[in-house]
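Examining the three-dimensional arrangement
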Amino acid sequence: MNIDLTDTTSSRINSALVQARRATGTPAVGMVLTLVIVTDEGNHYDALRAASEASKEHPSRTLVVIKRPGRSPRDRKMARMDAEVRVGGETGTGETVLLRLHGELANHAYSVVLPLLLPDAPVVVWWPEDAPEHPAEDLLGQLAQRRITDAQATEDPVAALGLRAATYTPGDTDLAWTRITPWRSVLAAALDQRHSPITSAVVEGEAYNPSSELLALWLAQRLGVPVDRQVSEGPGLTAVRLETADGVICLDRANGSLAELAMPGQPDRHVALQRREMSELIAEELRRLDPDESYESSVKFGVSKLGKGGVGTLERDAKAAPATKVVPSGADLPPLPTRDPESPSEHAPGSSKNPPQAPAQPPVPKPHPPKSQEHKSQEQKADGKADT
């Protein structure tokens with residue numbers, strides 16, 4: 001059921017939602033969250049289609065905010081909102097509201113969206129393109145438990161990752177990170193089968209591909225080894241090679257759908273690594289509403305180390321690496337100093353910093369001469385007097 005509203009308000013939209021639910025018999029209690037999509041007129045169709053597919057797994061109220069500030073001074077001065085309410089049909093068990101904000105109202109989307117949120121339900125905000133520099137400080141971002149951006153939709157993905165690292169707030173995530181979830185799962189499972197130390201890694205992918213950069217950051221941060229980022233023809237992320245003491249672990253996906261996993265001492269196997277649709281990515285992000293610590297540690301690790309186009313070598317900082325103590329060989333060991341056990345320790349109060357060394361042998365006491373009979377009798381008499 002579709003209801004079109006022209007020059008409307010938030011209260012009229014809520015009334016239209018109630019009317020549509022009664023007409024279709026769709027209960028509101030079945031919705032688990034509110035998904036707010038902030039986009040423009042040219043990109044809203046693809047974003048809404050992906051959200052509708054994801055709502056089959058996560059029934060939700062989807063609010064599509066389409067900003068139309070206008071080009072002429074007259075259009076920018078007006079403030080009008082047109083809405084389209086969709087319940088049932090292609091939306092499934094969820095609800096969809098398209099909000100077109102004209103003129104000055106495009107700068108106040110917060111005041112329009114707030115009355116339309118589901119009560120006592122989590123809020124997720126998604127910017128398919130043109131995300132704010134600091135999503136958590138945006139007025140719509142402040143309403144949400146999760147804020148989804150997409151660095152791949154920007155002109156400079158590496159710079160976008162650096163901006164996400166500088167402005168990260170718990171609850172932020174990026175679809176470039178979501179795209180490498182299958183890669184991280186396969187690599188983690190492969191490393192569980194090998195116990196050989198890893199010395200280096202190579203990540204191959206298209207130039208300016210943020211998913212390749214994030215995967216390289218994740219490997220460098222987790223393994224603590226140099227990771228070389230190499231450019232390939234694609235599509236997207238194509239291969240990962242891990243150098244070990246026993247050989248090379250290689251996960252190669254040349255055609256964008258089926259990958260081949262090669263491990264030393266084991267037969268090669270095929271792994272399904274299909275390039276996923278946007279609806280699958282959004283559905284994965286809606287499964288968790290808590291902060292993603294792995295994404296935080298990876299995106300903050302070393303985006304500045306990436307070169308132009310993402311080509312570079314990532315390596316864990318020396319300060320973060322555990323310190324190792326080098327022990328010299330036995331021929332180079334200095335002689336150990338000797339010390340008298342009864343002498344005070346250098347840490348005892350009043351002791352000197354360099355205590356004197358004890359003599360090699362302790363002095364031997366001189367034996368007393370044997371006592372004569374006369375001396376013995378005198379000692380016995382003295383003892384008798386002492387007893388009396």
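Just above, that's the structure.
If you're wondering where the values come from, they're calculated on a predicted model, not measured in any experiment. (Residues numbered from 1 in each chain as written. Predicted model: local features only at pLDDT ≥ 70, side-chain atom pairs only at ≥ 80, totals over all residues. Heavy atoms only, no water.)

1. Notes on the overall build of the protein chain
Secondary structure summary: the protein chain contains eleven helices and 15 strands in total. The 388 residues of the protein chain split such that 43% are buried. When contacts within the protein chain are restricted to residue pairs at least 6 apart in sequence, long-range pairs at least 24 apart make up 68% of them. Accessible surface, the protein chain as shown: approximately 21900 Å² in total, 52% of it carbon and sulfur. (Helix = DSSP H or I, 4+ residues; strand = E, 2+ residues; numbered from the N terminus. Buried < 20%, exposed > 50% of the residue type's maximum accessible area, 1.4 Å probe, protein only. Contact = heavy atoms within 4.5 Å. Areas by Shrake-Rupley, 256 points an atom, 1.4 Å probe, with all protein chains shown as cover.)

2. Things to note about the sheet that holds strand 2 (residues 33-39)
Ordered in space as 1-4-5-3-2-6-7-8, the eight strands form an open sheet in which the pairing is mixed. Whereas interior strands pair on both sides, the edge strands pair on one side only; in this sheet they are strand 1 (2-5) and strand 8 (172-174). On average, each strand axis in the sheet is tilted by 15 degrees relative to the strand beside it, whichever way the strands run. In this sheet, strand 6 (residues 123-126) lies alongside strand 2 in parallel orientation, the contact comprising four bridges. Counted as the bridge partner of Leu-35 is Val-124 from strand 6. (Pairing = 2+ DSSP bridges. Axes fitted to C-alpha atoms, helices over the stretch in contact; angles between N-to-C directions.)

3. Brief notes about the packing of aromatic side chains
Aromatic ring pairs are described here by two measures, namely the spacing of the ring centres and the angle between the planes. Taken as a whole, this structure holds two aromatic pairs when the rule is applied. Taken together, Tyr-168, Trp-177 and Tyr-295 form an aromatic cluster joined through their ring pairs. A cation over a ring is seen here: Arg-184 above Trp-218, with NZ or CZ 5.9 Å from the ring centre. (Phe/Tyr/Trp six-rings, centres within 6.5 Å; stacked < 30°, edge-to-face > 60°. Lys NZ or Arg CZ within 6 Å of the ring centre and 35° of its normal.)

4. Some remarks on the nonpolar core
Grouped together as the largest cluster of nonpolar side chains are 38 residues, with contacts concentrated most on Leu-214, Leu-215 and Leu-219. By residue number, the principal contributor to this core is helix 8 (residues 210-223), which donates seven residues. Sequence-distant contacts of Leu-219, that is, excluding residues within four places in its chain, are made with Leu-187, Ala-201, Val-203, Gly-224, Val-227, Val-240 and Leu-242. Counting residues in hydrophobic clusters, the runner-up holds 30 residues, among them Val-38, Val-87, Leu-101 and Val-113. (Core = buried A, V, L, I, M, F, W, Y, C linked by side-chain atoms within 4.5 Å.)

5. Section: the environment of Val-113
Residue placement: Val-113 occurs in helix 4 (residues 109-113). Separated by 27 residues in sequence, Val-113 and Leu-140 have C-alpha atoms that sit 8.1 Å apart. Every residue in contact with Val-113, bar those within four places of it in the chain, is listed here: Val-36, Leu-63, Val-65, Leu-99 and Leu-140.

6. Some points on the pattern of salt bridges
If you walk through the whole model with that rule in mind, you get 17 salt bridges. As a salt-bridge pair, Glu-57 and Arg-287 come within 2.8 Å of each other at their nearest N and O atoms. Residue Glu-57 is located in the loop between helix 2 (44-54) and strand 3 (60-68), and its partner Arg-287 is located in the loop between helix 9 (278-285) and helix 10 (293-299); the two are separated by 230 residues in the primary sequence. Of the charged contacts, one joins Arg-86 and Glu-84 as a salt bridge, the two residues approaching to 3.0 Å between their closest N and O atoms. Look at the salt bridges and you will find they share partners, linking Arg-21, Arg-61 and Glu-95 into a network. (Salt bridge = Lys/Arg side-chain N within 4 Å of Asp/Glu carboxyl O.)

7. Some words on the environment of Thr-181
You can see Thr-181 is positioned in helix 7 (residues 181-193). Assessed through its relative accessible area of 18%, Thr-181 is described here as buried. When the C-alpha atoms of Thr-181 and Leu-215 are compared, they prove to be 9.4 Å apart, with 34 residues separating the residues in sequence. Setting aside its immediate chain neighbours within four residues, Thr-181 contacts Arg-276 and Glu-284.

8. Considerations on unusual backbone geometry
Phi at Asp-130 is positive, roughly 50 degrees, even though this residue is not glycine. With respect to the helices and strands, Asp-130 occurs in the loop between strand 6 and strand 7 (146-149). Its relative accessible area of 67% is what places Asp-130 among the exposed residues.

9. Here's the deal with the side chain of Arg-184
Mapped onto the elements, Arg-184 comes out in helix 7. Despite its burial, Arg-184 remains without a salt bridge, the nearest opposite charge being carried by Glu-284 at 5.4 Å. Arg-184 has contacts with Trp-177, Leu-215 and Trp-218, leaving out every residue within four places of it along the chain. (Lys, Arg positive; Asp, Glu negative; His and termini not counted.)

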